Amino acid sequence: TKIMTLLIVMEAVDSGAIKLDDEVSVSSNAASMGGSQIFLEEGETMSVEDMLKSVVISSANDAAVALAEHVAGSEEEFVKRMNLRAAELGMKNTKFENTNGLDDTVTEHLTSARDIALMSRELIKHEKILKYSSIWMDTIRNGAFGLTNTNRLVRFYKGATGLKTGSTSKAKFCVSATAKRGNMHLICVIDRK
């Protein structure tokens, strides 16, 4: 799910609608997210770039929602954009109900390995994402909060460039792994059911 969230955000950055150094103000909705998070507090501000790094590296659900609200005004409006973009990419087996993939309160939120590969291919066209997704460890909040990549391949697999892991009780453990050798950039999606 966060692959599409990141794609919409990166397209907003590239179009000039938002900038990496824009400050994002955290809503109570974003701060309330569970699962993987960076423990954002309502009213806290953080740059788009630090929130992007938090989503890519540490899979922060709260940062995903905060970015969505910053880009589209609300998570609901952002989800509409996600589903529209999925249709444009030919993702026939995908429906998004939120921006972070938490599936304990959704009923029709789903995707397929093929569709994950399609949106991954589109996302890696934004080279800044690969800069973030290949980082093993980093920090935010002026070094006070550590980020460790949920994708261990970036530390142990030669040529790994990312991209995104995911896990929920319904989806189990999934990964869209990217690696580059020479001039070939490959995407491997594992969707465990």
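Structure report, in brief. All of these numbers come straight from a predicted model, not from anything done at the bench.

On a plain count of helices and strands, the chain comes out with 8 helices and 7 strands. Compactness check: the chain gives a C-alpha radius of gyration of 15 Å against a globular reference of 16 Å for 193 residues, within 12% of the reference. C-alpha extents for the chain along the principal axes are approximately 45 × 35 × 35 Å. Every one of the 193 residues in the chain was classed for burial, and the buried ones make up 49%. Counting contacts in the chain only where the partners sit at least 6 residues apart, residues at least 24 apart contribute 55% of the total.

Let's shift gears to the sheet that holds strand β7 (residues 184-191). Pairing is antiparallel in the open sheet, where 3 strands are placed in the order β5-β6-β7. At either end of the open sheet lies a strand with only one pairing partner, and these are β5 (160-168) and β7. Strand-to-strand twist of the sheet, defined as the mean angle between neighbouring strand axes without regard to direction, takes the value 5°. Inspection of the sheet shows β5 paired to strand β6 (residues 172-181) by 8 bridges, in the antiparallel sense.

Here the bond from glycine 162 into leucine 163 is cis, since omega is 20°, no more than 30 degrees from zero. Along the chain, leucine 163 falls in strand β5. Phi is positive for phenylalanine 39, close to 60°, though the residue is something other than glycine. With respect to the element layout, phenylalanine 39 can be found in the loop between α2 (28-31) and β2 (45-47).

Assignment of secondary structure puts lysine 180 in strand β6. Among the residues examined, lysine 180 registers a relative accessible area of 40% and is labelled partly exposed. As for lysine 180 and arginine 85, which are separated by 95 residues in sequence, their C-alpha atoms are 26 Å apart. What lysine 180 contacts, discounting residues up to four positions off in sequence, is Gly159, Thr161 and His185.

Counted according to the given criterion, the structure contains 1 aromatic pair. Seen from their ring centres, phenylalanine 39 and phenylalanine 145 are 6.3 Å apart, and the 65° between their planes marks the pair as edge-to-face. Note that phenylalanine 39 is positioned in the loop between α2 and β2 and phenylalanine 145 in strand β4 (residues 145-148), a separation of 106 residues in sequence. A relative accessible area of 53% places phenylalanine 39 in the exposed class. Over the face of the ring belonging to phenylalanine 145 we find arginine 141, whose NZ or CZ atom lies 5.2 Å from the ring centre.

This part covers the nonpolar core. Grouped together as the largest cluster of nonpolar side chains are 52 residues, with contacts concentrated most on Met4 and Met51. Elements supplying a minimum of two residues to this core: α1 (2-15), α3 (48-58), α4 (61-72), α5 (75-88), α6 (113-123) and α7 (127-133). Non-local contacts of methionine 51, meaning those with residues more than four positions away in its chain, are made with Val24, Val26, Leu40, Met46, Ala63, Ala66 and Leu67.

Taken N-terminus to C-terminus, the directions of α1 and α6 make an angle of 30°; their axes are 9 Å apart at the nearest point. What the angle tells us is that α1 and α6 run roughly parallel. Note on packing geometry: the crossing formed by α1 with α6 is left-handed. On α6, the residues touching Ile3, Met4, Leu6, Leu7 and Met10 of α1 are Ile116, Met119, Ser120, Glu122 and Leu123. For the contact of α1 with α6, the residue count by class is 8 nonpolar, 1 polar and 1 charged.

What counts and what doesn't
Residues numbered from 1 in each chain as written. Predicted model: local features only at pLDDT ≥ 70, side-chain atom pairs only at ≥ 80, totals over all residues. Heavy atoms only, no water. Helix = DSSP H or I, 4+ residues; strand = E, 2+ residues; numbered from the N terminus. Rg over C-alpha atoms; globule rule 2.2 N^0.38 Å. Buried < 20%, exposed > 50% of the residue type's maximum accessible area, 1.4 Å probe, protein only. Contact = heavy atoms within 4.5 Å. Pairing = 2+ DSSP bridges. Axes fitted to C-alpha atoms, helices over the stretch in contact; angles between N-to-C directions. Phe/Tyr/Trp six-rings, centres within 6.5 Å; stacked < 30°, edge-to-face > 60°. Lys NZ or Arg CZ within 6 Å of the ring centre and 35° of its normal. Core = buried A, V, L, I, M, F, W, Y, C linked by side-chain atoms within 4.5 Å. Parallel < 35°, antiparallel > 145°, perpendicular 65-115°, else oblique. Left-handed = near helix turned anticlockwise from the far one by under 90°. Nonpolar A, V, L, I, M, F, W, Y, C, P; charged D, E, K, R; others polar.

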